Amino acid sequence: MGQEFSTTETLIRTSALGDAFLAAPLEFLKRHPETLLVHRSRDDQLSPQELRDLQERTVSAPDFSVRKRFALKLETASHGPICLKFRSLSWTEGLLGPLHARAELRRHTEVKRRHFAATEPLGIGTWRDNTRKRWQYFIQRWIDPSWASGESLLKESLSATKLATEIAALHNAGIFHGDLKPYHVAIPSDAAHWLYLDLDPVRFGLSQRRRAINLYQGLRYFLAAERSLASTLIEHYVKQLDSKHTTSLSKLTHQTLKLFDQKMETHSGPRFINDRG
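Only a predicted model underlies this, so the values are computations on that prediction, with no experimental measurement involved.

Here the focus is the pattern of salt bridges. Applying the stated rule across the entire model yields 18 salt bridges. Here Arg52 and Glu34 are joined by a salt bridge, their closest N and O atoms 3.9 Å apart. Within this pair, whereas Arg52 is found in helix 4 (residues 48-60), its partner Glu34 is found in the loop between helix 3 (25-31) and helix 4, the two being separated by 18 residues in sequence. With a shortest N-O distance of 2.6 Å, Glu110 and Arg113 are connected by a salt bridge.

Attention now moves to unusual backbone geometry. Although it is not a glycine, Arg132 sits at a positive phi angle of roughly 75°. Along the chain, the position of Arg132 falls in the loop between strand 3 (121-128) and strand 4 (134-141). The class for Arg132 is exposed, based on a relative accessible area of 55%. For Ala224, which is not a glycine, the phi torsion comes out positive at approximately 55°. Relative to the helices and strands, Ala224 resides in the loop between helix 8 (208-222) and helix 9 (230-240).

Summed over the entire model, instances satisfying the criterion amount to 13 aromatic pairs. Taking 5.1 Å as the distance between ring centres and 75° as the angle between the ring planes, the aromatic pair formed by Phe21 and Phe86 counts as edge-to-face. You can see Phe21 sitting in helix 2 (residues 18-23) and its partner Phe86 sitting in strand 2 (residues 80-88), a full 65 residues away along the chain. A residue is classified by how much of its surface remains accessible, and Phe21, at 0% relative accessible area, is buried. Between Tyr216 and Phe260 the ring centres are 6.4 Å apart and the planes differ by 70°, which places this aromatic pair in the edge-to-face class. On the criterion of sequence distance, the pair formed by Tyr216 in helix 8 and Phe260 in helix 10 (residues 249-266) is long-range, its members being 44 residues apart. Judged by relative accessible area, which is 5%, Tyr216 ranks as buried. You can call Phe260 buried: its relative accessible area is 4%.

Let us now look at the packing of helix 7 (residues 160-172) against helix 9. The geometry of helix 7 relative to helix 9 is characterised by a closest axis approach of 8 Å and an angle of 40° between their N-to-C directions. Compared by their axis directions, helix 7 and helix 9 come out oblique. Considering the relative orientation of helix 7 and helix 9, their crossing is right-handed. Judged by residue contacts, Ala160, Thr161, Leu163, Ala164, Thr165, Ile167, Ala168, His171 and Asn172 of helix 7 engage Thr232, Leu233, His236, Tyr237 and Gln240 from helix 9.

This paragraph deals with helix 4. End to end, helix 4 covers 18 Å across 13 residues, agreeing with the expected 18 Å (1.5 Å per residue, within 8%). Listed as buried for helix 4 are Leu51, Gln55, Thr58 and Val59. Viewed along the axis of helix 4, the buried residues span an arc of 90°, placing them on a single side of the element. More than 90 degrees from the buried face of helix 4, the exposed residues found are Gln49, Arg57 and Ser60.

The rules behind the values
Residues numbered from 1 in each chain as written. Predicted model: local features only at pLDDT ≥ 70, side-chain atom pairs only at ≥ 80, totals over all residues. Heavy atoms only, no water. Salt bridge = Lys/Arg side-chain N within 4 Å of Asp/Glu carboxyl O. Helix = DSSP H or I, 4+ residues; strand = E, 2+ residues; numbered from the N terminus. Buried < 20%, exposed > 50% of the residue type's maximum accessible area, 1.4 Å probe, protein only. Phe/Tyr/Trp six-rings, centres within 6.5 Å; stacked < 30°, edge-to-face > 60°. Axes fitted to C-alpha atoms, helices over the stretch in contact; angles between N-to-C directions. Parallel < 35°, antiparallel > 145°, perpendicular 65-115°, else oblique. Left-handed = near helix turned anticlockwise from the far one by under 90°. Contact = heavy atoms within 4.5 Å. Expected span 1.5 Å × (residues − 1). Arc of directions from axis to C-beta.

So this is what it looks like as structure tokens:
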């Protein structure tokens, strides 16, 4: 894992904007919305102006300041661009250490060990802003800009068998991604499998329900909510599982479709490119 960098604050300060960020992070994002990372930040279907409009709408929303976690891109002198994720640090967490940041670092390190992490973790830390409010952060190296975003899959006819192969590979590694959506996927041309950008929702170990959740997410968010593709997706997924991950096809199909129908009934309409429900 390496050291839990006490010097990562120095890394932030090597950015021309680093001191301003550390002084007042939320005010900084409102002054510099172009640094904010939103779900579609790497979507090449979005023009630079559309992305900037989305960033400005996000920082001006009434609920922006009460979000659980924020992420931004900073240019640093020593590492080039970095992704910095941060959240407030409660007084109880202050006594025990930066729990969320530490947990994300451990998850990222473990997923990387299993060859599914898209970026390199650079460390964690805590700091106080100008109001003495405490924050914790997790820093990772910026993703290779040549890697395609998972959003690109929505422009092509992604087959259910290809998707099933990727989900099975993830599960064969014992990884469950709690928010499996295209904007959490990176596609290096030379990688054996898809890689993942946001590991905060990742957990290790599979249950029948976790399998069904990822299959439902794949069906809805990658396959345009085409319910008719469910049988092909699930059948091929089961065939791709390692022997230690055997599961009942009929039970998994029933649970996945039940989850799909419940979710689609409570959300508006099918999955389109601009639907982030």
